[in-house]
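Residues per chain, in single letters:
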Amino acid sequence: MKVTLSALDTYESSFTPLVVIELAQDVKEETKEWLKNRIIAKKKDGGAQLLFRPLLNKYEKETLENQNLYLVGASKIRLLLGAEAVGLVKECNDNTMRAFTYGTRQNFKGFDDNNDDFLTMAECQFIIKHELENLRAKDEKMIPGYPQAKLYPGKSLLRRLLTSGIVIQVFPLHDNEALKKLEDTWYTRLTLKYQPIDNIRGYFGETIALYFGFLEYFTFALIPMAVIGLPYYLFVWEDYDKYVIFASFNLIWSTVILEVWKRGCANMTYRWGTLVMKRQFEEPRPGFHGVLGVNSITGREEPLYPSYKRQLRIYLVSLPFVCLCLYFSLYVMMIYFDMEIWALGLHENSGSEWTSILLYVPSIIYAIVIEIMNRLYRYAAEFLTSWENHRLESAYQNHLILKVLVFNFLNCFASLFYIAFVLKDMKLLRQSLATLLITSQILNQIVESLLPYWLQKKHGVQVKRKVQALKADIDATLYEQVILEKEMGTYMGTFDDYLELFLQFGYVSLFSCVYPLAAAFAVLNNFTEVNSDALKMCRVFKRSFSEPSASIGVWQLAFETMSVISVVTNCALIGMSPQVNAVFPESKTDLILIVVAVEHALLALKFILAFAIPDKPRHIQVKLARLEFESLEALKQQQMKLAAENLKEESRVSGKETET
């Protein structure tokens, strides 16, 4: 029997809350009633057909503080139909991955009418978010009670409510029991083991699971470099032959690990279904604005903004601002070198142990300044990119990542390049690299995890005391959970986490032959990073909505670009070594030509390796090809059936005409 959305009941007095909507304190009652009706209305009437109720009933509001909080959920059938609507891909009984359909639900592995675990909680919350975001204006010209909040047909109601300040936030709730089980297998027990990536994916979704998968893979990939670098650092520092061997191994290593990661990533995302998931048409981002018009592709009314205006903003404002920030970064770098000269002169004059320690102070101060500048620039880059008014979220993210990567690369590595190729001071280069790497790792651990965790813990104690002090004859467990979670910080995505790994990869690969211990320090940091990031996700920030992902996206290209730059820097460093210069005492031109030739040969080797190692394993390629073939065959059968029906109709019409 086919079940349609119109047959579903949207009223249940008790349901499992999955998502919380917080409204502003002064929202008018007519607005609340209108929003509730749109959320629970049937799909055919333009609603989301979800379950909706306030956190507190009218009696509890008299006892507890009214926070204007509302809970959203959905029935099991509604979630299954929603899974079909968003195109979720699940494993079938024949071990193939196919887009889920409610009509063929019995063909999918693990499905049972009495089993509520077929969809993960992250998938359920993703479905609800999708349905809320696709609540669209019909004939309303404004949000009831707010004439300044204009609407037009097809406009996303949730986005308008958020930008108008009527809705404060929408966030998914934690499942405390499932979260406790995940924590027990993830980070609470400090043992060397693999992370439960599939469990992380089930709870937080594919995007976050891919980050932790990449973090784990990158950490284990660093171990060979750390093992080789440690004895090399201790025993054969000035041995030219081993110097070249270590640098060459680093260059091959940086290529192979990125190519192997792509294969592992394809395996994971195929198993999760996101590798074969059809891409949804991208809607305009919430902050996009312009003159109301008709989209020539969708035919919907939406804001339109001329491309030339955006380009003018980028090239006449954003680009000069970025260049000015880069100049300021270089200016700060020169101040750092003045401090280094001052500390070195002080040490040479006194020669005491205290002044030898003072030699590291300029690098430590500079490392702290770099972190501060990176964070300040990030806010400026976000403001500028938003002001550029990009229509799509993907375009916004690409421009933001480009701005941030360029500045962070120059800010973090400019001083090292200057020391290596202008001052040619290898001792200072090793000292600066070690200080920058270690200081940045310590600061990131404190700022990203320890400090937020302490603040959140303090706030949690205050909330518990407040709830316990209430003389309420009700179960305040859910109330306490919602109040606690709504005050948590919002996780802004994996951008900063990937950026930290990207800079770490730069420290390890760019100047590896000068400081082989960099990989060892990176491994030690990442073992603690796994636990601190897990703590951050589970206890510091709100739970984030799941976002289906098939790869780490533009970060794969960023890491590959860094590995190419590392070839050039390591070849140049080898060419500057005293041992190589001793081979060409008279002709520097021959030396430069040979270094350039070796650099080109290594780059060619990198690209050959990248070409020789397929991005997807053979069995994944076969399965994807089979799915494509079956899709084409199904489309062909559908077209043939339609043609047969048309032919039959034409025969029937011509027969009637003959009789006439």
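Residues numbered from 1 in each chain as written. Predicted model: local features only at pLDDT ≥ 70, side-chain atom pairs only at ≥ 80, totals over all residues. Heavy atoms only, no water.

Draft legend 1. Highlighting the state of the cysteines. Counting across every chain of the model gives 0 disulfides. Residue C323 stays outside any disulfide, its sulfur separated by 9.3 Å from that of C325, the closest cysteine. Since its relative accessible area comes to 44%, C323 is described here as partly exposed. (Disulfide = S-S within 2.5 Å. Buried < 20%, exposed > 50% of the residue type's maximum accessible area, 1.4 Å probe, protein only.)

Draft legend 2. Here's a closer look at a nonpolar patch on the surface. Taken together, the side chains of Y308, L312, Y315, L316, V317, L319, F383 and W387 present a nonpolar region at the surface, about 860 Å² in accessible area. Contributions of two or more residues to the nonpolar patch are made by α10 (307–350) and α12 (361–387). For the nonpolar patch, the element with the highest residue contribution is α10, accounting for 6 residues. (Patch = residues over 30% accessible without salt bridge, like charges linked within 9 Å, V, L, I, M, F, W, Y side chains within 5 Å. Areas by Shrake-Rupley, 256 points an atom, 1.4 Å probe, with all protein chains shown as cover. Salt bridge = Lys/Arg side-chain N within 4 Å of Asp/Glu carboxyl O. Helix = DSSP H or I, 4+ residues; strand = E, 2+ residues; numbered from the N terminus.)

Draft legend 3. Focus on the UniProt feature "transmembrane region" (unreviewed entry) in the protein chain. Taking the UniProt record as the reference, the feature "transmembrane region" (unreviewed entry) is found at residues 208–237, 243–261, 314–337, 357–377, 400–421, 501–524 and 591–613. Its end C-alpha atoms 31 Å apart, residues 357–377 is made of 90% helix and 0% strand. As annotated, residues 591–613 comprises 96% helix and 0% strand, and the C-alpha atoms at either end are separated by 33 Å. (UniProt positions renumbered as here; feature names shortened; annotations may be inferred.)

Draft legend 4. The arrangement of the packing of aromatic side chains in detail. Under the defined criterion, the tally for this structure stands at 34 aromatic pairs. A cation over a ring is seen here: K28 above Y146, with NZ or CZ 5.4 Å from the ring centre. Here R313 stacks its cationic end above the ring of W387, 4.5 Å away from the centre of that ring. (Phe/Tyr/Trp six-rings, centres within 6.5 Å; stacked < 30°, edge-to-face > 60°. Lys NZ or Arg CZ within 6 Å of the ring centre and 35° of its normal.)

Draft legend 5. The sheet that holds strand β3 (residues 69–73), seen in detail. The 4 strands are arranged β2-β3-β1-β8 in an open sheet whose pairing can be described as antiparallel. Of all strands in the sheet, those with a lone pairing partner are β2 (51–54) and β8 (167–172), marking the two edges. Recorded for the sheet is a direction-independent mean angle of 20° between the axes of neighbouring strands. Pairing between β2 and β3: 4 bridges, direction antiparallel. Within the sheet, the bridge partner assigned to R53 lies in β3 and is L71. (Pairing = 2+ DSSP bridges. Axes fitted to C-alpha atoms, helices over the stretch in contact; angles between N-to-C directions.)

Draft legend 6. Inspection of the pattern of salt bridges at higher detail. Overall, the coordinates contain 25 salt bridges when judged by the stated rule. When the shortest N-O distance is used, the salt bridge between R98 and D94 registers 3.8 Å. For R98, a relative accessible area of 27% gives the class partly exposed. By relative accessible area, which is 46% here, D94 ends up partly exposed. Connected via shared salt-bridge partners are K90, E123, R201 and E206.

Draft legend 7. Up close: the environment of I128. Structurally, I128 can be placed in helix α4 (residues 121–133). Judged by its relative accessible area of 0%, I128 is buried. Note: C-alpha distance between I128 and R78 (50 residues apart in sequence) is 9.7 Å. Not counting chain neighbours up to four residues away, the residues in contact with I128 comprise L18, V19, L50, V72, G73, A74 and L79. (Contact = heavy atoms within 4.5 Å.)

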